[in-house]
Protein chains: 2
Amino acid sequence: MNLKEMSREQLESFYKSTLQEYENCKARGLHLDMSRGKPGREQLDLSMDLLNMHIDPSETNMDGVEARNYGELMGLPAARRLFAELLGVKFEQVFAGGSASLTLMYDLIAKAYTHGLLHSEKPWSKLDKVKFLCPAPGYDRHFTISQSFGMEMITIPMTEDGPDMDMVEQLVTDKDVKGMWCVPKYSNPNGVIYSDRTVERIANLKPAAPDFTLIWDNAYCVHEFDGDFVPFKNILEECEKAGNPDMVFEFASTSKITFPGAGIACFACSTANMDYMKKLLNAQVISYDKLNHLRHVLYFKNAQGVIDHMKKHAAVMKPKFDTVLRFLDTEIAPLGIASWHRPKGGYFVSLYVMNGCAKRVHALCKDAGVVMTGAGATYPYKNDPNDSNLRIAPSFPPLDELEKAMQVLCVCIKLAAAEKLLGI
Amino acid sequence: MNLKEMSREQLESFYKSTLQEYENCKARGLHLDMSRGKPGREQLDLSMDLLNMHIDPSETNMDGVEARNYGELMGLPAARRLFAELLGVKFEQVFAGGSASLTLMYDLIAKAYTHGLLHSEKPWSKLDKVKFLCPAPGYDRHFTISQSFGMEMITIPMTEDGPDMDMVEQLVTDKDVKGMWCVPKYSNPNGVIYSDRTVERIANLKPAAPDFTLIWDNAYCVHEFDGDFVPFKNILEECEKAGNPDMVFEFASTSKITFPGAGIACFACSTANMDYMKKLLNAQVISYDKLNHLRHVLYFKNAQGVIDHMKKHAAVMKPKFDTVLRFLDTEIAPLGIASWHRPKGGYFVSLYVMNGCAKRVHALCKDAGVVMTGAGATYPYKNDPNDSNLRIAPSFPPLDELEKAMQVLCVCIKLAAAEKLLGI
């Protein structure tokens, strides 16, 4: 029965029995973590052959580049080819870097501040104000970067098709608006794939700032866990067609393909941007870890090798997402007190509890030994205006622990809703 | 016979025969590279067991940290312990990072510009002027970083004991002087070890700028190729004793121990600096490549393991340095037209040809197929006031090629000197 249709008496009875359930949960002394999009142990085990790959000295020189020595700023050519194939971009548009795309994004923003980007009139550190568009709910670490640099973050609501483009088109007419964070495929946390029309509208933006930059974080480019690989528009090509070739930097990594924080990462951009970035990067790095590039290339061979490997991840991930949805569908749906997304890829289920209840649900979970991503973390300044969104990250706990955690979460959702409706 | 004591007739005859020698060199169509401090192939082969180390899933969790997953910003504790032991600093003072100490140095400077350092009154990007002390000849990539950020570089002459400390002590009374580049052991390129007295004077500096920072690049901390490991003063401790605990960041890496650009790097600093840096780094990185940390830890076990490994490098390096010195001692010393250092560690022989001749020698070598580090590259703005210093990097070419390259270099030194003395 829908909680909102209950009489006060029914509600009080529901509250009492739920509170008892909650006390029972607490008594179990759980220590479960659903806070971060970390692959679980089974997923780490999938890539042990990569970690233990035997490489003969005769294999370390590829395309005339010795992977064991200094040199080749843009990375091992074969690793650049692999990323180019995965993202559908051109070889010369790809820079293969270290083990984290997040660091490449941070470094791009840092260079915008210290040196300016290709079309900047001056370094951003010399500006009175820098505004950045933040589709939300979004990835907390993007917002942390913006906040670290003192940007003014503007929250853009997320729709089923991606960011609210009417709002974006309006806001980019402000010359202080310097860019936008985007997770275009299986967005963190809603799991939304930007629609073709949204991607086109983004590529065709006419920003007032000449150095307006899309941070196109394609973190989940091949991360389907339900169904086959879904082809996706090439943002570099779309921007070029729209006359905005230098407006975007795309990022990807193998952190959730091989090893988190120990995979390989890349960025892709126009050749004009690349020429500019190479000059700046030349002061920062001689070359990133080309042996890790080599390991990945020898292991995967090509994009198909990556996509085949992702099927193994899917086999681990799908049961976990099914479990989350089964609990929500069974325990919560009939009560009408929350809604959630049903993603086919990525790492999260985005849950919307009753307005004003997300922090309470988080606190209740914590007290019962279940750590969730902080309520509000998916919004700029950790400020969810509705206090409604919670990010469920089911990948890390084993299936049996996940079930326990979901039990607790469902009880907490119910309890918080009852409290709210009763005015407790 | 000393060239400067020759009659004009003798000199002309010397010039003629040297020119003939030079033409013979050119006719050989060589393609040799003595430009960079890159390990040679034999050295890369020394660490193949590291590259091909088998790691069992049971070994990836160390000190409760799973090396295959995200987390532990400061790096694998065991890797931090290894660096702490190598540098003689405390565990809590060490941050284990990615594959390049150069990048860690760049990032430190970048953060000084974007956020300021612990004791900065404001970010350096907000200052009209930032001056930096550059002992020279020094490492060209340090100067490239300074130049990239638009610093005003001040050249400090290098003595046999390190930087000219009278000059340094005087200059740091200028509040715009924000730091100094130091390669304290086997300095690049002179191969000088800073004396204890110099280290003490550095630690006891009283800079006007509250955020004056030593970039202590201990690149060659265990890189003896002639004789046993030479213990070296702990700059962190010296600065602490002097009441300047936060004045220094020390850097090191295994680039010239295992694989260049694919080893592991660290910085070490006071705990106050570390707390400050961790807050900033938290926005840039989740964790660096802990699997590479793990590989290095399992391979070396402890500092003694590293020092033992360096003996293998020494066995490859010493014959190369001996060759360089043999050629210079035999071919050049009797002529009195150049001087050079005789290092016991590091990667370079620093050569001083007659004033005004370094660029000419470099060009002559290049035309004869021998690439040297650019003349002047070892000075700020690539400006060697005497046009005299050349950096010989003997590690990369095999011994037989090195001999050919040294033959050519000696002929070029002679030819340039004769040209100069004859006024050609």
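Reading the values: rules and limits
- Residues numbered from 1 in each chain as written.
- Chains lettered and ligands numbered in written order.
- Predicted model: local features only at pLDDT ≥ 70, side-chain atom pairs only at ≥ 80, totals over all residues.
- Pairing = 2+ DSSP bridges.
- Helix = DSSP H or I, 4+ residues; strand = E, 2+ residues; numbered from the N terminus.
- Axes fitted to C-alpha atoms, helices over the stretch in contact; angles between N-to-C directions.
- Least-squares fit on C-alpha atoms with pLDDT ≥ 70 in both.
- Contact = placed C-beta atoms within 7 Å.
- Nonpolar A, V, L, I, M, F, W, Y, C, P; charged D, E, K, R; others polar.
- Core = buried A, V, L, I, M, F, W, Y, C linked by C-beta atoms within 7 Å.
- Buried ≥ 20, exposed ≤ 12 C-beta atoms within 10 Å, placed from the backbone.
- Domains from an automatic or database assignment.

Colleague: Before we go on, may I ask you to explain the sheet that holds strand 13 (residues 349-353) of chain A in this structure?
Modeller: Each strand in a sheet pairs with another by means of backbone hydrogen bonds, the pair being arranged parallel or else antiparallel. Residue and element names in this part refer to chain A. Taking strand neighbours across the sheet as the criterion, the three strands line up as 12-13-15 in an open arrangement whose pairing is antiparallel. Either end of the sheet is taken by a strand with one partner, and the two such strands are strand 12 (338-340) and strand 15 (389-392). On average, adjacent strands in this sheet sit at an angle of 25 degrees to one another, irrespective of strand direction. Here strand 13 runs beside strand 15; their pairing, made up of four bridges, is antiparallel. From the neighbouring strand, Leu 351 faces strand 15, where its bridge partner is Leu 390.

Colleague: What's the story with the relation of the copies chain A and chain B in this structure? I'm lost.
Modeller: Note on the chain copies: they are related by a rotation about an axis and a translation along it. Between the two copies, chain A and chain B, the superposition gives an RMSD of 0.0 Å; the rotation angle is 180 degrees and the shift along the axis is 0.0 Å. Overall, the copies show the geometry of a two-fold rotation axis. Of all interface residues in chain A, 100% are interface residues in chain B too; the two copies therefore contact each other through one and the same surface.

Colleague: Would you mind showing me how to read the interface of chain A and chain B here?
Modeller: Interface extent is often summarised as the accessible area lost during association of the parts. Contact residues are listed per partner, giving 43 residues for chain A and 43 residues for chain B. When residues of the side of chain A that touches chain B are traced back to their parent elements, those giving at least two are helix 2 (41-45), helix 3 (48-51), helix 5 (101-114), helix 6 (140-148) and helix 11 (290-300) of chain A. Residue contributions to the side of chain A that touches chain B peak at six residues, all from helix 5 of chain A. The class makeup of the residues in the side of chain A that touches chain B is 24 nonpolar, 13 polar and six charged.

Colleague: For this particular structure, what's the right way to read the sheet that holds strand 13 (residues 349-353) of chain B?
Modeller: Residue and element names in this part refer to chain B. With antiparallel pairing, three strands are arranged side by side in an open sheet as 12-13-15. Looking at which strands have only one partner, the edges of the open sheet turn out to be strand 12 (338-340) and strand 15 (389-392). In this sheet, neighbouring strand axes are inclined to one another by 25 degrees on average, regardless of whether the strands run parallel or antiparallel. In the sheet, strand 12 pairs with strand 13 via three bridges, with the strands oriented antiparallel. Looking at the pairing, Ala 338 lines up with Val 353 of strand 13. Across the sheet, helix 13 (residues 358-367) lies against strand 13 and strand 15, angled at about 40 degrees from strand 15, the strand it touches most.

Colleague: Looking at this structure, how should I read the nonpolar core?
Modeller: It is characteristic of soluble globular proteins that their nonpolar side chains tend to be buried jointly. Residues Ala96(A) and Ala96(B) are the most contacted members of the largest nonpolar core, which totals 190 residues. Filtering out sequence-adjacent residues up to four positions away, Ala96(A) remains in contact with Met74(A), Gly75(A), Leu76(A), Ala79(A), Arg80(A), Phe83(A), Ile264(A), Cys266(A), Tyr288(A) and His293(A).

Colleague: In this structure, what is going on with the domain arrangement of chain A? I would like to understand it.
Modeller: All names here are of chain A. As far as domains go, chain A holds domain 1 (3-44 + 314-422) and domain 2 (60-306). Measuring from the centre of the C-alpha atoms in domain 1 to the corresponding centre in domain 2 gives 32 Å. Listed by partner, the interface residues are 22 residues for domain 1 and 22 residues for domain 2. Where the side of domain 1 that touches domain 2 is concerned, the elements lending two or more residues are helix 12 (303-332) and strand 15. If one sorts the elements of the side of domain 1 that touches domain 2 by residue count, helix 12 sits on top with four residues. Per-class residue counts for the side of domain 1 that touches domain 2 are twelve nonpolar, six polar and four charged.

Colleague: How do you make sense of unusual backbone geometry when you look at a structure like this?
Modeller: Excluding glycine, residues mostly carry a negative phi; peptide bonds, for their part, are mostly trans. Of note, the bond from Ala136(A) into Pro137(A) is cis; its omega dihedral lies within 30 degrees of zero at 5 degrees. By secondary structure assignment, the location of Pro137(A) is in the loop between strand 5 (131-136) and helix 6. Residue Pro189(B) is reached from Asn188(B) by a cis peptide bond, and omega for that bond is 5 degrees. Within the secondary structure layout, Pro189(B) lies in the loop between strand 8 (177-182) and helix 8 (196-203).

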